[in-house]
Amino acid sequence: MAEYPKQLHDVKYGDEHKLQTLDICLPRPLNNGSLQVDASTDDSVWIVFLHGGAWRDDSQDKAELKPALSQLLDHFSRDAPTSALRHVVGLASINYRLSGEPSDPARNGTHPDHVHDVLLALQWLEKEYGVGSKWPYMAVGHSCGATLAFQIVMDRQWKSAIPSKPALYEKLLGFAGAQDNHKQTIRPPVAVVGLEGVYDFPLLLKNYAHDPEYEGFIRDAFGGNHDVWQKASPVAGDYSDRWPDGHLVVLGQSPEDELVDWPQVDSMVKVLKEQGWKMRSESRIKEARRDSWIGGKQFFVTYLKGSHDEVWEHGTELSRTIEFSLRVFYGEE
Ligand SMILES: Nc1ccccc1C(=O)C[C@H](N)C(=O)O
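In this text, all values refer to a predicted model and were calculated from it rather than measured experimentally. (Residues numbered from 1 in each chain as written. Predicted model: local features only at pLDDT ≥ 70, side-chain atom pairs only at ≥ 80, totals over all residues. Heavy atoms only, no water.)

Lay out the environment of Ser77 in plain terms, naming residues and giving numbers.
Examined against the element boundaries, Ser77 turns out to sit in helix α1 (residues 66-78). As for Ser77 and Pro5, which are separated by 72 residues in sequence, their C-alpha atoms are 9.3 Å apart. Within the structure, Ser77 has its side chain in polar contact with the backbone oxygen of Asp74 (distance 3.1 Å). (Helix = DSSP H or I, 4+ residues; strand = E, 2+ residues; numbered from the N terminus. Polar contact = N/O pair within 3.5 Å; in protein donor to acceptor, adjacent residues only side chain to side chain.)

Below, the structure written as structure tokens:
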């Protein structure tokens, strides 16, 4: 069996509970730090994937990336010189603590425990592979994984909403109670790619008021305080001054999604626009060339096909969106 692409499964990034594990895929050798293809680190990036499942569904985990990953690797092996994956140093898919099952230490989390685990995993990835220091990374998430992808950017808002665990924040983020973005020891991503994401909890609960499941999983994951629901929603984030590293947001949404409706995207779009982000259309990728927008902030809304979970189950939509995001980020068509 060929040594590459190399896959590492169930690697532990913490030992507090059994969901502190991640999978890694290295498409090609790291070669003492420089890559065989695209040796320039400037052209290389990590992909960090966060699965969905409403913070509670233990049938959904880091394996959500698998179908998309095999398609990405397929394209890469067929077409390495032009495949978007040639920019990718590695892909990581992260498990994190869930909520809703008080007797299980891996499923008794309340916000911000889920974010903590993701930050711990990022800290591990930085230490072991230079993710965020040697190489930038894109955070890609599905459903509540898309929520988490934004939450690792907007950390200060949820920190101030939850004063109970300041020591851990300080340890993980170098957060000294100040607004100083540069003190962070865990670098934020350069891009956030959300698919079928939950971005605005109060709006989600309003639009699905007829289905008690929604309030159920929000309460399990975030507690009963409405103020926290509002502050922890990605739409409450500051994506301008406090995210200097952020250059690209891609919001992928399927009109056929039966669990998360389009107003979630609309709400996020409104916030990004208000904060100075430029909306680009898919047909004008060239115009969005990174050279011409270094330091700029641009976002795309892309239409996906299929139901809420088909988007990752079939892999096609997830792999397509990752490839799209890489192409846009590197100014290719
Ligand atoms: N109802 C949702 C609303 C929004 C986002 C996800 C869900 C889910 O149901 C996910 C998962 N399959 C679950 O059963 O928890």
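Explain helix α7 (residues 212-222) to me, using residue names and the numbers behind them.
Taken together, the buried positions of α7 are Tyr214, Phe217, Ile218, Ala221 and Phe222. Down the axis of α7, the buried side of the element spans an arc of 105°, and every buried residue falls inside it. Elements that come into contact with the buried residues of α7 comprise α2 (113-129), α3 (144-151), α6 (201-207) and α8 (226-232). Capping the start of α7, Asp211 holds a side-chain oxygen 2.9 Å from the backbone nitrogen of Glu213, two or three residues further along. Directly after α7, the chain includes Gly223, whose backbone phi takes a positive value near 80°. (Buried < 20%, exposed > 50% of the residue type's maximum accessible area, 1.4 Å probe, protein only. Arc of directions from axis to C-beta. Contact = heavy atoms within 4.5 Å.)

Mind laying out the confidence of the model for the protein, listing which residues take part and the relevant values?
Per-residue pLDDT for the protein has a mean of 87; in total, 82% of the residues score no lower than 70. For the stretch residues 160-164, pLDDT sits under 50, and the model shows six contacts to residues farther than four places along the chain or on other chains. Predicted confidence for residues 174-184 stays below pLDDT 50, and this span has 22 contacts to residues more than four positions away or in other chains. (pLDDT = per-residue confidence, 0-100.)

So, the packing of α1 against helix α11 (residues 316-329): which residues are in play, and what are the values?
Look at α1 against α11: their axes get within 8 Å of each other, and the N-to-C directions meet at 55°. By the criterion of interaxial angle, the relationship of α1 to α11 is oblique. Handedness of the α1/α11 crossing: right-handed. Side by side, α1 and α11 meet where Ala68, Gln71, Leu72 and His75 of the first sit next to Thr316, Leu318, Ser319, Ile322 and Glu323 of the second. Taken together, the residues of the contact of α1 with α11 sort by class into four nonpolar, four polar and one charged. (Axes fitted to C-alpha atoms, helices over the stretch in contact; angles between N-to-C directions. Parallel < 35°, antiparallel > 145°, perpendicular 65-115°, else oblique. Left-handed = near helix turned anticlockwise from the far one by under 90°. Nonpolar A, V, L, I, M, F, W, Y, C, P; charged D, E, K, R; others polar.)

Give a description of the environment of Gly52 that names residues and reports values.
Following the sequence through the fold, Gly52 ends up in the loop between β3 (45-50) and α1. You can call Gly52 buried: its relative accessible area is 1%. Distance from Gly52 to Ser143, taken between C-alpha atoms, is 4.8 Å for residues 91 residues apart in sequence. Those residues in contact with Gly52, other than ones at most four positions away along the chain, are Gln60, Glu64, Tyr96, His142, Ser143, Cys144 and Gly145.

If you had to explain the site of the ligand to someone new, which residues and values would you point to?
In the vicinity of the ligand, the contacting residues are Gly53, Ala54, Arg56, Asp57, Gln60, Ser143, Tyr214, Phe217, Leu259, Val260 and His308. One of the backbone nitrogen or oxygen atoms of Gly53 is found 3.5 Å away from an oxygen atom of the ligand. Within the side chain of Asp57, an N or O atom sits 3.0 Å from a nitrogen atom of the ligand. Against a free-state accessible area of 360 Å², the protein chains account for coverage of 85% of the ligand. (Near = heavy atom within 4 Å. Areas by Shrake-Rupley, 256 points an atom, 1.4 Å probe, with all protein chains shown as cover.)

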